[in-house]
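A look at the structure
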Amino acid sequence: MDFIGMFPLFYFPDIGSAWLMGITGTIHILASHTSVGAALLFAFLAHKAYKENRTDLYDYMKKYGMFLLIFSYVIGSITGPGIWYTATAASPRGISALIHNFVWVWATEWVFFIYEVIGVFALVYFIDKIDRKTHLKLTYTFALASVGTLMLIIGIISFMMWPGNDAFYQTGSASDAFFGVNTFPHMFLRIGFMIMMAGVIGLIISSAMKNKEVSNELTRKMGYVSLLGGFLVLFFFMWYIKTLPESADILLGIYLPSILTTRIILIVAFALYFLLAIVKPQYVRRSLAIVMLFVIAVVGLWPGEKLRESLRKPYVAGRYIYSNQIISRDVPGKGIKSEVEIVADRGLLQVNPWIPDRLRTITPENRLETGQLLTKLACSNCHALEPGAKFRPLMERFAGQDKEMIKAFMQGSLATGAIPYMPRIDLPDAEFDAMAAWIATQTN
Amino acid sequence: MDATLLNTLRDPAGVPFYPVVFQALYVLTWALHAAFVLLAIGSITLSLAGSGKQKRSADWKLLTAHMIQTGKISISLAILLGIAPLLFTQVIYDPNWYVTNALSGIWVFAFIYALIVGYMLFYWFYYANKKGGGRAIGLVSFAFIVFAGVLMHVFSVESIQPNEWMGWYAPGGVVDTSGLSFHMHPVRLLFMVSLSAPVVGIFLQNYSDFLSTRNDFTKEYIAFARSLGTTIASIGLLASAALFVVWMFMEGLLLNPLSLAIVVSVLLLLVMIHFVKRSYLTTLWLVVVALLISGMRELIRFQIMGDLGYSVYDYPMNIDWPSVVMFLLTFVFLGFTGVAFIATLAWRAGKSEGVFDASKDALVTRLANSTFAILIVWCLVYFGWGMFTVFKNSFA
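Residues numbered from 1 in each chain as written. Chains lettered and ligands numbered in written order. Predicted model: local features only at pLDDT ≥ 70, side-chain atom pairs only at ≥ 80, totals over all residues. Heavy atoms only, no water.

Re the nonpolar core
- Of all hydrophobic cores here, the largest spans 293 residues; its most connected members are Tyr64(A), Phe102(A) and Tyr320(A).
- In this view, Phe102(A) contacts Ile156(A), Phe159(A), Ala174(A), Ala177(A) and Phe178(A); residues no more than four positions away in its chain are not counted.
- Formed by five residues, the second largest nonpolar core is a distinct cluster that contains Phe10(A), Ala89(A), Ile106(B) and Phe109(B). (Core = buried A, V, L, I, M, F, W, Y, C linked by side-chain atoms within 4.5 Å. Buried < 20%, exposed > 50% of the residue type's maximum accessible area, 1.4 Å probe, protein only. Contact = heavy atoms within 4.5 Å.)

As for helix α1 (residues 17-52) of chain A
All names here are of chain A.
- With 36 residues, α1 extends 52 Å between its outermost C-alpha atoms, agreeing within 8% with the 52 Å of an ideal straight helix rising 1.5 Å per residue.
- With 28 of 36 residues buried, α1 is to be regarded as a mostly interior element.
- In the segment just after α1, Asn 53 is the residue with positive phi, at about 50 degrees. (Helix = DSSP H or I, 4+ residues; strand = E, 2+ residues; numbered from the N terminus. Expected span 1.5 Å × (residues − 1).)

Some thoughts on the interface of chain A and chain B
- With 96 residues of chain A in contact, the opposing surface of chain B contributes 109 residues.
- A per-residue breakdown of the area chain A buries against chain B is headed by Tyr85(A), Trp104(A) and Trp354(A), which together make up 11% of the total.
- Linking chain A with chain B are one salt bridge.
- For Asp176(A), the salt bridge is made with Lys392(B), and the minimal N-O distance between the two is 3.3 Å.
- For the side of chain A that touches chain B, the secondary structure elements donating two or more residues are α1, α2 (55-90), α3 (92-125), α4 (132-161), α6 (174-178), α7 (183-207) and α13 (367-379) of chain A.
- Per-element accounting of the side of chain A that touches chain B gives the leading share, 25 residues, to α3(A).
- Along the lines of polarity and charge, the residues of the side of chain A that touches chain B split into 67 nonpolar, 19 polar and 10 charged. (Buried area = accessible area lost by both parts, 1.4 Å probe. Salt bridge = Lys/Arg side-chain N within 4 Å of Asp/Glu carboxyl O. Nonpolar A, V, L, I, M, F, W, Y, C, P; charged D, E, K, R; others polar.)

Section: empty space enclosed by the protein
All names here are of chain A.
- This model, assessed by the stated rule, comprises seven cavities of 30 Å³ or more.
- Space inside the largest cavity adds up to approximately 1,000 Å³.
- Taken together, 49 residues make up the lining of the largest cavity; nearest its centre are His 28, Gly 80, Ile 83, Ile 153 and Ile 157.
- Secondary-structure elements contributing two or more residues to the lining of the largest cavity are α1, α2, α3, α4, α7 and α10 (286-311).
- Per element, the largest residue contribution to the lining of the largest cavity is 12 residues, and it comes from α1.
- In the lining of the largest cavity, the residues fall into 25 nonpolar, 15 polar and nine charged. (1 Å grid on protein atoms, 1.4 Å probe; cavity = no way out; pocket = protein on both sides within 12 Å on 5 of 7 lines; lining within 4 Å. Points joined across faces, edges and corners; volume = space filled by probe spheres on them.)

Section: the packing of α4(A) against α7(A)
Residue and element names in this part refer to chain A.
- Relative to each other, α4 and α7 sit at 125 degrees, their axes nearing to 9 Å. Here α4 is positioned oblique relative to α7, judged by the angle of their axes. Between α4 and α7 lies a crossing of right-handed hand. Residues Leu 150, Met 151, Ile 154, Gly 155, Ile 157 and Ser 158 of α4 touch α7, and the partners they reach there are Thr 183, His 186, Met 187, Arg 190, Ile 191 and Met 194.
- Along the lines of polarity and charge, the residues of the contact of α4 with α7 split into seven nonpolar, four polar and one charged. (Axes fitted to C-alpha atoms, helices over the stretch in contact; angles between N-to-C directions. Parallel < 35°, antiparallel > 145°, perpendicular 65-115°, else oblique. Left-handed = near helix turned anticlockwise from the far one by under 90°.)

Regarding the pattern of salt bridges
- In the structure shown here, the tally under the stated rule is 23 salt bridges over all chains.
- The partner of Arg93(A) in a salt bridge is Glu339(A), with the nearest N and O atoms 2.8 Å apart. Placement of the pair is Arg93(A) in helix α3 and Glu339(A) in the loop between β2 (321-322) and α11 (340-346), with a sequence separation of 246 residues.
- Residue Glu339(A) is classed as buried on the basis of its relative accessible area of 8%.
- Between Asp216(B) and Arg214(B) there is a salt bridge, and its shortest N-O distance comes to 2.8 Å.

Quick notes on a nonpolar patch on the surface
All names here are of chain B.
- On the surface, a nonpolar cluster with roughly 680 Å² of combined accessible area is contributed by Trp 321, Val 325, Leu 329, Phe 331, Val 332, Phe 333 and Phe 336.
- With respect to the helices, strands and loops of the structure, Phe 336 is situated in helix α13 (residues 321-351).
- Using a relative accessible area of 53% as the deciding quantity, one classes Phe 336 as exposed. (Patch = residues over 30% accessible without salt bridge, like charges linked within 9 Å, V, L, I, M, F, W, Y side chains within 5 Å. Areas by Shrake-Rupley, 256 points an atom, 1.4 Å probe, with all protein chains shown as cover.)

As for the packing of α1(A) against helix α8 (residues 212-241) of chain A
All names here are of chain A.
- Contact pair α1 / α8: the axes reach a minimum separation of 13 Å and the direction vectors enclose 135 degrees. Between α1 and α8, the interaxial angle falls into the category oblique. Handedness of the crossing formed by α1 with α8: right-handed. Residue-level inspection shows Leu 41, Phe 44, Leu 45 and Lys 48 of α1 in contact with α8, the latter providing Glu 217, Leu 218, Lys 221, Met 222 and Val 225.
- Of the residues that constitute the contact of α1 with α8, the class distribution is six nonpolar, no polar and three charged.

Quick look at helix α3 (residues 58-92) of chain B
All names here are of chain B.
- Given a rise of 1.5 Å per residue, 35 residues ought to cover 51 Å, and the 51 Å separating the end C-alpha atoms of α3 matches this to within 8%.
- The buried fraction of α3 amounts to 27 of the 35 residues, a majority that puts the element mostly inside the structure.
- Its side-chain oxygen 3.3 Å from the backbone nitrogen of Asp 59, Ser 57 forms the N-cap of α3. (Polar contact = N/O pair within 3.5 Å; in protein donor to acceptor, adjacent residues only side chain to side chain.)

In structure tokens, the structure reads:
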């Protein structure tokens, strides 16, 4: 019996396992972007403190550094591998594809990360223990190493969206996969966000300083830094969306109107906040600064990351691995073959290695059980299956439809790949029939 | 489970270099990771013990503060160094890695948050201890960290039982997608944990040797730290040796040459901690022991998989030279120079009283300037290579 390389399925009810990854991913982005932005800010402050002999700035850097050490480095360094971990449970073949294409890139990032982590301890703990000239050099190298980690990861996550041309599929080369059409706009977009986040965190520290004169001066500076970062985000976002694949354009057309209003409100609110920091720094209290940090995380970051995840659909990596673990196209450069036709010909129950023998053949007795299992295998990476579930609830899509209508949709749209943001799932008639039968029991 | 299926589960992209290199890197980096995990567990345990004794003893007060600091940095380094073995294992043993994580998906998710909560609470303990309290929070932190460690052990143990996977996934023929699989090997776990005693014991010897050149630490304190280290390491090594023998007996590997080499090397370590004055030499030997234990773990896995017909050495290859070269050059130039810069700086600053003027230290200055130059060149090459690739592929 010939199988395809699918792994067991992990499914988290109501939320869906992929969204567990989204939660960890969002926390990681907040922490890791802040840490790289902070590294740049540190270099700026250290340069200024050294050149102008400003001892008061070193006190600020120490406080800022401790905050970051606890906030960014503890959370960031754990959630980084955490995304990886959760992804291996939720999308094993997707993350496997990334690992097997980019293992040396990741290993290179690890070298940078080593320098970054031991560097942050040195940076914070040595402020008063070594001479300032050497500390300044440490700060410069730390900033470059931090940006280096971004430069290395960005090609991998850009490849998750798409390489942008046919080169990678023909050569299988990691550099053709890594340097795609949206790698650089994506990088600069994130650098802008990192700078903004460094300022946002900086405002929390500066607003809490006891020396009012220094506090106001630094709050004003953080306002400028944040404003610059915010501007870069907007500017490079325009470029970034022009480099997205066609299916993403369609999805963007669907999602954008609903999120546009909140985006505009958020942009205005943050622009006013940064301007307040510049014009009236004394009004920026620590409580306000903390609230604004959470606003950006909850209202800004989570929907933004959700959108990016959605725009990638139906693929999880390189536009050749569907979110449901099936390989959708040939990649001659790597000797990879499409599995869609194999599944269409023999059915998931025959080619998935993790089906118990008693369910490999559909019978009247097991039809609903196999229907449920097939629906989980084919759909649960994107859709929650429970009626009334929170994220992309599948049953809502079929509300009021009977089995035949559901099956007709599957055979007319899913099997032909007519919906560009959904995987082409072509299955034998009996398997569609079982899926439709089970879904009908959930919706009616 | 047989080799045909295991080979089907391999990534169709193949591996981008010789599998034996990934295997060697796995053994090496796991040993480094384990060393800091064990140091973290040992130093946190000691700091918790010390937090109860510090009111009665000035020596314990100082030691507790330093052990908290050691624990804090060790956890960070353990996480950092843990990334590499995670990476290398899933390159050549991807069937094991992905099946395990899917079967225990909910624990995989819990692991991350247990570690975050445990580590954040440890920082709380660090600040609370400065004011002389926080023991309870330290204990809670420790519980979370140990739980995370147990979970990691569970994943390792599950990954080397391919014959059990289907039974766990579909017990009685009913598929269970909850990701709740949880299977332990208590003896193996106890052996690994027991190693934290010799690791922290030898670290205490290093610590006393390091401080012995400084005038701001008393001779009595330095002797106290060394003696405590020797006692903890001695007891710990005997316990570890006994547990190792039981584990190897259960695996049927007691008389394997590697197993015997580990027993002999552990006993030699026991002699060294009592008779070798320069404890840095003992630490070097400890590294060798850690590599041997890491090798034994790999031998067990390799044999289990070999019995099923799976060999990492016949993993299909698609060598990707540009990324291999990028890694090697970055590892050699940035890795060695950058780490040497900070390590030398830390060592010399630690040996100095007051502010250390590194700008007058020729070696530190040269290392700092070289690290900076390497990073600049690296960025230039990155952008040059990237732009060339984008233009080449866009206009091809």
